[in-house]
Amino acid sequence: MSDILIVDDERDIRELISDILEDEGFTTRLAGTSDEAVAAVKAELPALMILDIWLKDSAMDGIDILKMVKREHPEVPVVIISGHGNIEIAVAAIKQGAYDFIEKPFNIDQLMVVITRAMETSRLRRENVELKRRDVSSAEMIGSSAAFKALKAQLEKVTKSNGRVLLSGAAGAGKEVAARFIHANSDRANAPFVSVNSASIEPERMEEVLFGRESAERGIDPGLLEEANGGVLFFDEVADMPLGTQSKILRVLVDQKFQRVGGSEKVSVDIRVITSTNKDLQSEIDEGRFREELFHRLNVVPILVPALTDRREDIPELTAHFIDAFNKAQGLPLRDLSEEAAAMMQTMPWPGNVRQLKNVIERVLILGDGTGPISAGELPSADPVSEAEDGQGVVLSGALAMLPLREAREAFEREYLLTQINRFGGNISRTANFVGMERSALHRKLKSLGVVTSNKAGARVAHVAEDGAED
């Protein structure tokens, strides 16, 4: 992209600059009035603009055009030229976002240096954006369990719309991956995906980060809303957004317009908003910490992202994916997962969900002393019963060791069978086959232990029955 738009009311000047630039390999377009300049920008966005301050017989001067371009297309560098240059004009142009200011009559070498630097800056910005857009690995959905298939089916239904989506689920369950999947498979896939972690931004800086800032000293600093223009803006953990900012975001959702901090002009954007939360937003509303109007605006399509414990069947597949990813990104060993390790991982508690699983795999690959299959002994253990150091017995947890034999046996059997059923996605036949029981005998055992299964997040999940509950 080397298209440069030259805007000057003097025909000789704009043609001279055009000849110089085309000799250097650039392509150019020319405009002699503000109307021609605005039409040229709307027809095709240039890689760079060379803009004269004073434009005869025009409705707008160069500063007005500069404001418009930087407001609507802040990524386009603008070099200001003027035959009536002074410090005040130069300062005003830079404050409004101009890349540089050159006074007529200009030195050709100086002009080329400024244009070359501006074009390089523009190219690096575009390449950075493109690299971010091409990073589809973070949008890859991995799994084959019933809960995962139900989630993916819901996500696929919303990819082609512009409807706002609210993703709920525990921390680390993969809400951002789900948001990126929606973006990557939507009509906005070639536009930016901008993630805003509402909890990580200081409340007093939230508005500046989102809306940008205008000041006499620094000119225009675009915010994340402008960066996301044309694409998707993802508010991660939206419940942590300050109340004051919530009301302003509500207005943006309605109007698709906002004002920068310190600014007076409205900035228009075209964005799709996706949000996530690990909190109960209705409770947050009741406690006065979240605006009900904003909740209803965001909650057009609510989607629950299941916890890892609701999709234990996917753990071996996720593990293989992470091992491959760490091998490609960090050169860590490309190891398989032993059957014992896979079984253990499917029975472990995962309070940190997929994020915790990924961290565990990275730690095992870094600290592991071989290239063979990952063994169960390399994994962190959280079992109530664990192997003794000499390998000749087991060590009971304190709570289990204090129970009478019958109660301890029931507690162990209940926890063991709950874990195995959930490991196999609620499939009683597969569970019975693994534990070595007849299906009918397993049903009787589950009934005696008060274990039932029910639908949750699109899958069968085992749990201890409440009083009066039935399978």
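Keep in mind that what you see is a predicted model, and the values were worked out from it rather than measured.

(A) Broad picture of the pairing of strand β6 (residues 165-168). Note: β6 against strand β13 (residues 272-277), 4 bridges, orientation parallel. Residue pairing in the sheet places Leu 167 in a bridge with Ser 276 of β13. Here β6 runs beside strand β14 (residues 301-304); their pairing, made up of 4 bridges, is parallel. The residue bridging Val 165 from the neighbouring strand is Val 301, located in β14.

(B) Molecular detail of the sheet that holds strand β2 (residues 27-31). The sheet built from 5 strands is open, its strands ordered β2-β1-β3-β4-β5 with parallel pairing. If you trace the sheet from one side to the other, it starts and ends with β2 and β5 (100-103), each paired once. With direction set aside, neighbouring strand axes in the sheet form an average angle of 20°. Judged from the 5 bridges that link them, strand β1 (residues 3-7) and β2 form a sheet pairing that is parallel. Directly across from Leu 5, in β2, lies its bridge partner Arg 29. The sheet contacts of helix α1 (residues 11-23) involve β1, β2, β3 (48-52) and β4 (78-82), and relative to β2 the element is tilted by about 170°. Helix-sheet contacts for helix α3 (residues 62-72) involve β3 and β4, and the interaxial angle to β3 is about 155°.

(C) Local environment of the pairing of strand β10 (residues 232-236). Across the 5 residues that make up β10, a large majority, 5, are buried. A two-sided burial pattern is seen for β10, the buried positions comprising Val 232, Phe 234 and Asp 236 on one face and Leu 233 and Phe 235 on the other. One ladder, built from 5 bridges, connects strand β7 (residues 193-197) with β10; its direction is parallel. Considered in β10, the bridge of Ser 195 is made with Phe 234.

(D) A look at the packing of aromatic side chains. Using the criterion set out here, one finds 4 aromatic pairs in the structure. Note on Phe 424 and Phe 434: the rings are 5.6 Å apart at their centroids and 55° apart in plane angle, and the pair reads as tilted. Of this pair, Phe 424 sits in the loop between α17 (405-423) and α18 (428-435) while Phe 434 sits in helix α18; the two residues are 10 residues apart in sequence, bridging distant segments of the chain. The exposure class of Phe 424 is buried, given its relative accessible area of 10%. The ring of Phe 434 has Arg 423 sitting right over it, with the charged end atom 4.4 Å from the ring centre.

Rules used throughout
- Each chain carries its own residue numbering, running from 1 in the written order of its sequence.
- Predicted model: local features are reported for residues with pLDDT of at least 70 only, side-chain atom pairs are reported and counted for 80 or more only, and whole-chain, interface and lining totals are derived from all residues.
- Each side-chain value is derived from all of the structure's non-hydrogen atoms; neither hydrogens nor water enter the calculation.
- Two strands make a pair as long as DSSP finds a minimum of two bridges between them.
- By definition, any uninterrupted DSSP run of H or I lasting at least four residues is a helix, any uninterrupted run of E lasting at least two residues is a strand, and each is numbered from the N terminus.
- Throughout, an axis means a line fitted to C-alpha atoms (over the contacting stretch in the case of helices), and angles, computed between N-to-C directions, take values from 0 to 180 degrees.
- It only takes one pair of heavy atoms within 4.5 Å for two residues to be counted as in contact.
- Between buried and exposed lies partly exposed: a residue is buried under 20% and exposed over 50% of the maximum accessible area for its type, with that area taken using a 1.4 Å probe on protein chains only.
- Under the pairing criterion, centres of Phe, Tyr and Trp rings, with the six-membered ring standing for Trp, must be within 6.5 Å; the plane angle then separates stacked pairs below 30 degrees from edge-to-face pairs above 60, leaving the rest tilted.
- The rule for a charge over a ring is simple: NZ of Lys or CZ of Arg within 6 Å of the ring centre, and within 35 degrees of the ring normal.

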